[in-house]
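# What the coordinates show
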Amino acid sequence: MTLAPTAADPEIERIVAGLPKVSLHCHLIGSVQATTIVDLARKHGVDLDGGRTADNLFDHASYEDLDEFLRVLDVAGSVIRDADDFHRVTYESLTDGGAAHNVLYREIFLSPPGHPGVPYRTIIDGVLAGMRDAETDTGIQSRMIVGLNRNGSAAAALELVDTVIEHRIDEVLGIGLDYSEAVGPPEKFWKAFRRAGEGGLERTAHSESGPPHHIETLLDLLGCSRVDHGYHVVDDPEMTRRCVEERIPFTCTPVSSDIGRYSGSGDGTHLRIKQMVDAGLLVTIDSDDPPMFGTDPTHDFRALAVALGYGLDELAALTMNGVEATWLDATDTRALERRARTMIADLAAGRKAQA
Ligand SMILES: [Zn+2]
């Protein structure tokens, strides 16, 4: 199921489908297809919440209520349990949910607290295997970000950061902070973020509903080099100016944030994202929890193209912002930039882009 707006003109369809994409805000649990969740529930003998099926597991109309969305997310997370499960959901997310949409590179958000009782190492091993197979089969590259759960305690977050550092592998680039902002204000987690910085991990955090001063907290107290969502930055001209000057990336997710009434008023106009782009902020586009919100990487670009009248130039600029915003090293960034520029040039020339 996809959300309105659906039909764009054929030229827009050609552009959004062929556009190379860089995915910096996609949660592993939130990217699992409903049919896979039903399969895994059967495998582990779990009774899905009132006998839900693949057809009615995701009811995105109900996600204006964040708690309802997080409840469904917990159900999904609870059936992903062994390394084979993590391999499968990672592979599917990166191939059908990534490479098939010309996603060249993804930094995957993991949520270890969303899989109660599963050892961290099991998660990492399964995800890593899925990443490698997906790259072999489709060429998509990926890395990991470990998300701290702000519904949990500051001590639990610190413990997770210690675990990440103890089991450090090159593919884990940094940490994030997600779940309910109303429950867990960013400053509560300063110790976990400081420890992550000392351990050489990059840092980002969600600020979807939070006021502009939360962005200052993210940058100055938590040491974040990116902001996830961050729509309220445009309410504060001074903070906007600072983020423009420092080229702070904002990983915006049009469709999911519109449903939650965060990036706009739920009417598909995506006005806050337009304001952010017009202000000169470094905006990147991704899908957050794609099947749960009835979207996919192509559809989020389509939604912006239809709502804001964006064509190839504007959409390609968002992709190149994504290239600039990754946590890859300089060599890998240059290689990614070359791939993206070649595909954009092909699209502009009317050739079929080759990933
Ligand atoms: Zn998110």
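These lines cover the structure that appears in this document, whether it is placed above or below. Here the structure is a predicted model, which means the values were calculated and not measured. (Residues numbered from 1 in each chain as written. Predicted model: local features only at pLDDT ≥ 70, side-chain atom pairs only at ≥ 80, totals over all residues. Heavy atoms only, no water.)

## Section: the overall build of the protein chain
Formally: Each helix is a run of DSSP H or I of at least 4 residues and each strand a run of E of at least 2, with the numbering of both proceeding from the N terminus. Based on C-alpha atoms, the radius of gyration is set beside the globule rule, defined as 2.2 Å times the residue count to the power 0.38. When accessible area is computed with a 1.4 Å probe and restricted to protein chains, residues below 20% of their type maximum are described as buried, those above 50% as exposed, and intermediate ones as partly exposed. Contacts: residue pairs with any heavy atoms within 4.5 Å of one another. Residue burial considers only the protein chains on display, and all accessible areas are found by Shrake-Rupley using a 1.4 Å probe. For this count, His and the chain ends are skipped, Lys and Arg are scored as positive, and Asp and Glu as negative. Charge positions are represented by NZ for Lys, CZ for Arg, CG for Asp and CD for Glu.
Counting its secondary structure elements, the protein chain contains 14 helices and nine strands. Here the protein chain has a C-alpha radius of gyration of 19 Å; the compact-globule value for 355 residues is 20 Å, and the two agree. Looking at the 355 residues of the protein chain, the share that counts as buried comes to 57%. Considering only contacts in the protein chain between residues 6 or more positions apart, those separated by 24 or more positions represent 74%. Counting every atom, the protein chain has about 13900 Å² of accessible surface; 49% of that belongs to carbon and sulfur. Distance between charge centres in the protein chain, computed from 33 positive and 57 negative side chains, equals 3 Å.

## Here we look at the packing of helix α4 (residues 83–94) against helix α5 (residues 120–138)
Our working rule: The axes are straight lines fitted to the C-alpha atoms, using for helices just the contacting stretch, and the angles between their N-to-C directions are given from 0 to 180°. Working rule for handedness: look at the near helix, and if it is turned counterclockwise from the far one by less than a right angle, call the crossing left-handed; if clockwise, right-handed.
Relative to each other, α4 and α5 sit at 35°, their axes nearing to 7 Å. Judged by the sense of rotation from one axis to the other, the crossing of α4 with α5 is right-handed. Side by side, α4 and α5 meet where A83, F86, H87, T90, Y91 and L94 of the first sit next to T122, I123, G126, V127, A129, G130, M131, D133, A134 and D137 of the second.

## Structural notes on the coordination of the zinc ion
Under the convention used in this document: Metal sites are built from N, O and S donor atoms within 2.8 Å, or 3.2 Å for Na, K and Ca, and they leave out water, so they may look incomplete.
H25 (NE2), H27 (NE2), H206 (NE2) and D288 (OD) make up the full set of protein donors to the zinc ion, lying at 2.1 to 2.3 Å. Positions of the donor residues of the zinc ion along the chain correspond to the pattern H-x1-H-x178-H-x81-D. Pair noted here: H27 is in strand β1 (residues 21–27) and H206 is in strand β6 (residues 206–207), with a separation of 179 residues, a long-range link. Owing to a relative accessible area of 8%, H27 belongs among the buried residues under this scheme.

## Details of the sheet that holds strand β4 (residues 172–178)
Filter applied, for reference: A strand pair is defined by DSSP finding two or more bridges across the two strands.
The five strands are arranged β1-β2-β3-β4-β5 in an open sheet whose pairing can be described as parallel. Looking at the sheet topology across the chains shown, the edges are occupied by β1 and β5 (202–203). For strand β3 (residues 141–149) and β4, the ladder comprises six bridges, and the chain directions are parallel. Bridge pairing links L148 to L177 in β4.

## Structural notes on the pairing of strand β9 (residues 282–285)
In β9, alternate side chains face the same way, and those of L282 and T284 on one face and V283 and I285 on the other are all buried. Here four bridges tie strand β8 (residues 249–252) to β9, and the two strands are oriented parallel to one another. By the bridge assignment for β9, C252 is matched with I285.

## Considerations on the side chain of T253
The topology assignment puts T253 in the loop between β8 and α10 (254–259). You can call T253 buried: its relative accessible area is 0%. Setting aside residues up to four positions removed in sequence, T253 forms contacts with H25, H229, Y231, D286, S287, D288 and D300.

## Examining the pattern of salt bridges
How we decide: A pair is scored as a salt bridge if a Lys or Arg side-chain nitrogen falls within 4 Å of a carboxyl oxygen belonging to Asp or Glu.
Tallying each qualifying case throughout the model produces 20 salt bridges. Put simply, E11 and R14 hold a salt bridge, and the shortest N to O gap is 3.1 Å. With a gap of three residues between them, E11 and R14 both fall in helix α1 (residues 10–18), about one helical turn apart. On the basis of relative accessible area, E11 is assigned to the partly exposed category, the value being 41%. A residue is classified by how much of its surface remains accessible, and R14, at 30% relative accessible area, is partly exposed. Between E13 and R302 there is a salt bridge, with its nearest N and O atoms 2.8 Å apart. In this pair, E13 is assigned in helix α1 and R302 in helix α12 (residues 297–308), connecting sequence segments 289 residues apart.

## Topic: the sheet that holds β9
Strand order in this open sheet of four strands is β6-β7-β8-β9, and the pairing throughout is parallel. With one partner strand each, in any of the chains shown, β6 and β9 form the two edges of the open sheet.

## Some words on helix α9 (residues 237–245)
The condition is simple: Read the arc as the range of directions from the helix axis to the C-beta atoms.
Among all positions in α9, only M239, T240 and C243 are buried. Within α9, the buried residues cover an arc of 100° as seen down the axis, which keeps them to one side. For α9, exposure combined with an orientation more than 90 degrees from the buried face picks out P237 and E245. Buried residues along α9 sit against α8 (212–221) and β8. Looking one or two residues beyond α9, the residue adopting positive phi is R247, at roughly 50°.

## Structural notes on the packing of aromatic side chains
For clarity, the cut-off: Classification of ring pairs rests on two measures: the distance between centres of Phe, Tyr or Trp rings, Trp counted by its six-membered ring, which must be within 6.5 Å, and the angle between planes, read as stacked under 30 degrees, edge-to-face over 60 and tilted in between. The criterion for a charge sitting over a ring is simple: Lys NZ or Arg CZ within 6 Å of the ring centre, and within 35 degrees of the ring normal.
Inspection of the entire model under this criterion finds zero aromatic pairs. The positively charged end of R226 is found above the aromatic ring belonging to W327, 4.0 Å away from the centroid.

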